[in-house]
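# Examination of the molecular architecture
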Amino acid sequence: MPTRWGILGPGRIAHAFAEDLRLVPDAELAAVGSRSQPRAEAFAREHGFAAAYGSYEELLADTSVDAVYVASPHALHAEQVTAALEAGKHVLCEKPLTLRAADAERLFALAKDRGRLLMEGMWTACHPVILALRDGIRDNAFGAPRHLHAEMGFVADLPPEDRLLDVALGAGALLDMGVYPLTLAHLFLGEAEGLTASASLSASGYDLDIAIVGRYPGGALATMTASLSSWSAHRAELATDRGRLVLEEFFHPRTAAFTPMTDSGAGEPLTIEGRKPVLGRGFSHEAIEFQRCLAEGLLESPLVPHAQTLTILQQMDALRAQVGVHYAGD
Ligand SMILES: NC(=O)c1ccc[n+]([C@@H]2O[C@H](COP(=O)([O-])OP(=O)(O)OC[C@H]3O[C@@H](n4cnc5c(N)ncnc54)[C@H](OP(=O)(O)O)[C@@H]3O)[C@@H](O)[C@H]2O)c1
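Residues numbered from 1 in each chain as written. Predicted model: local features only at pLDDT ≥ 70, side-chain atom pairs only at ≥ 80, totals over all residues. Heavy atoms only, no water.

Read across the open sheet, the 6 strands follow the order β3-β2-β1-β4-β5-β6; overall the sheet is parallel. In the strand order of this sheet, the two ends are held by β3 (51-53) and β6 (118-121), each with one partner. Each strand of the sheet is rotated relative to its neighbour by a mean of 25°, with strand direction disregarded. Lying over the sheet, helix α1 (residues 12-21) contacts β1 (3-8), β2 (27-33), β4 (67-70) and β5 (90-94), oriented at roughly 165° with respect to β1. The strands touched by helix α8 (residues 284-295) within the sheet are β1, β2, β4, β5 and β6, with β5 carrying the most contacts at an inclination of about 160°. (Pairing = 2+ DSSP bridges. Helix = DSSP H or I, 4+ residues; strand = E, 2+ residues; numbered from the N terminus. Axes fitted to C-alpha atoms, helices over the stretch in contact; angles between N-to-C directions. Contact = heavy atoms within 4.5 Å.)

It is worth spelling out the packing of α1 against helix α2 (residues 37-47) at this point. Across the interface, α1 lies against α2 with an axial gap of 10 Å and an inter-helix angle of 30°. As far as their axial angle goes, α2 and α1 are roughly parallel. Handedness of the crossing formed by α1 with α2: right-handed. On α2, the residues touching A14, H15, A18 and E19 of α1 are F43, E46 and H47. Tallied by class, residues from the contact of α1 with α2 come to 3 nonpolar, 2 polar and 2 charged. (Parallel < 35°, antiparallel > 145°, perpendicular 65-115°, else oblique. Left-handed = near helix turned anticlockwise from the far one by under 90°. Nonpolar A, V, L, I, M, F, W, Y, C, P; charged D, E, K, R; others polar.)

Time to look at helix α5 (residues 101-114). With 14 residues, α5 ought to run about 20 Å at 1.5 Å a step, and its terminal C-alpha atoms sit 20 Å apart, in line with that. Taken residue by residue, α5 has A101, D103, A104, L107, F108, L110 and A111 as its buried positions. Tucked inside the fold, the buried residues of α5 contact α4 (77-86), β6 and α9 (306-323). (Expected span 1.5 Å × (residues − 1). Buried < 20%, exposed > 50% of the residue type's maximum accessible area, 1.4 Å probe, protein only.)

Given below as structure tokens:
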């Protein structure tokens, strides 16, 4: 049975997701819903969706749509995921699922009550290269993890009303990008035992830059940064007692490298690939995982379990409280 997908909010990431969705077996591009009919039609034409609606209500009322991918600004996710679940849809929602953990708990309870699959679109947790590293670390293939450093950022040179700079829509480096280093640390090192942060705030009160230090099981440490103001690398590096794992580009990596430590210094680097080839830009894998869960009747993905989404949101709630970033409804 194909999964008939609807896209809610055809913005930047929805374009990238739609491109990758075309590579997913059994994915049917059923419909797109926008606040604007011409935008919906242009998106449908560009990516080959069958129907285009000028409102989200019409998209959710379309009985030919099984699953909705929510790609609006994060501050709107809670309301829109609620509407999609109440309309009987399964939902894949972009990260962060909500602004805060309490809202996500309500969504998970609603999804369970309605018997619908709800998954945060955390590509990182479904990506073949990241999964190969996670498994290798668990199997002690690279030695004992001691220090992870991961950074993610860019210069958000955008108009002030852009969702990346508008606090009312959930602006901030932590929720936009810090969520990835935190997820990587969670996947590689386990659940954080303590996290502390420092941030530089914008005039309107969101975090332009944030630096986080984390302590993880077994004494492993992580330093993580996210930035909306600097040309940061998208690099992650895990130092172990036997060598060094490097993801030069950890935003959708193609491969990773492990350099073993030898008596004379660095050994020959070993290229690590995923067990499956990376499809497209890397968004395909979260859609494939979502469809697998639907086919198997699962209401929760083992790769992106609700508890993991909640843990990371709780971490971000606490970090925001430390650095003084608040959103309406906190
Ligand atoms: N997984 C990833 O790698 C990744 C990367 C980037 C972003 N994201 C996530 O995806 C979500 C969307 O990010 P984006 O960069 O694609 O945002 P975007 O370009 O601003 O697009 C968001 C879309 O949401 C719709 N929307 C509905 N109400 C809106 C409002 N009040 N203001 C602005 N837009 C509104 C708009 O479409 P219509 O008006 O046409 O309905 C808009 O095009 C965010 O939660 C973000 O964290 C994920």
